[in-house]
Amino acid sequence: TDKRSLVIDARSPEEFAAWHLPDAINVEFDWLGPPPDQQVKQVAGWVASSGAHRVLVYGDGGDPDSGREWARLLSAGGIKNVFFVAGGAPALQASNGGNK
């Protein structure tokens, strides 16, 4: 990733602690929680303050994928240039040689 990207890990804090991309921010997608309007606003604020041109979201790689769901919500919340990583953290970790 580069400095023009805001990277969001949509997995649980425990999964994030075990492995995450450098500079990733943990914003867990809660399947059963309340509507995430406040979190979407918080992410929008991070995008604005960081000057990021894109938001990269990755999740657990499951079906459904928490990263894909977060990316959809962020886009629906008006955040532009939101992308998600197909295969999520497992795909990223495999391509990174499993390094923390």
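You'll find the structure just up there.
Trainee: Lay out unusual backbone geometry with the relevant residues and their values.
Mentor: Of note, the bond from D63 into P64 is cis; its omega dihedral lies within 30 degrees of zero at 10 degrees. Residue position: P64 is located in the loop between β3 (54–58) and α3 (66–76). Although it is not a glycine, D23 adopts a positive phi angle of roughly 70 degrees. Phi is positive for N81, close to 55 degrees, though the residue is something other than glycine. Within the element layout of this structure, N81 appears in the loop between α3 and β4 (82–84).

Trainee: Quick one: what's the story with the pattern of salt bridges, residue by residue and with numbers?
Mentor: The tally for this structure, following the rule as stated, stands at four salt bridges. Close ionic contact of R68 with E69 constitutes a salt bridge, the shortest N to O distance being 3.9 Å. For R68, a relative accessible area of 21% translates into the label partly exposed. Two residues, E69 and R72, come together in a salt bridge whose shortest N-O distance is 3.2 Å.

Trainee: So what's going on with the environment of E15? Which residues, and what values?
Mentor: Its location among the elements puts E15 in helix α1 (residues 13–18). The sequence separation of E15 and D60 amounts to 45 residues, and the corresponding C-alpha distance is 8.7 Å. A distance of 3.0 Å separates a polar side-chain atom of E15 from the backbone nitrogen of S12.

Each value, and the rule that gives it
Residues numbered from 1 in each chain as written. Predicted model: local features only at pLDDT ≥ 70, side-chain atom pairs only at ≥ 80, totals over all residues. Heavy atoms only, no water. Helix = DSSP H or I, 4+ residues; strand = E, 2+ residues; numbered from the N terminus. Salt bridge = Lys/Arg side-chain N within 4 Å of Asp/Glu carboxyl O. Buried < 20%, exposed > 50% of the residue type's maximum accessible area, 1.4 Å probe, protein only. Polar contact = N/O pair within 3.5 Å; in protein donor to acceptor, adjacent residues only side chain to side chain.

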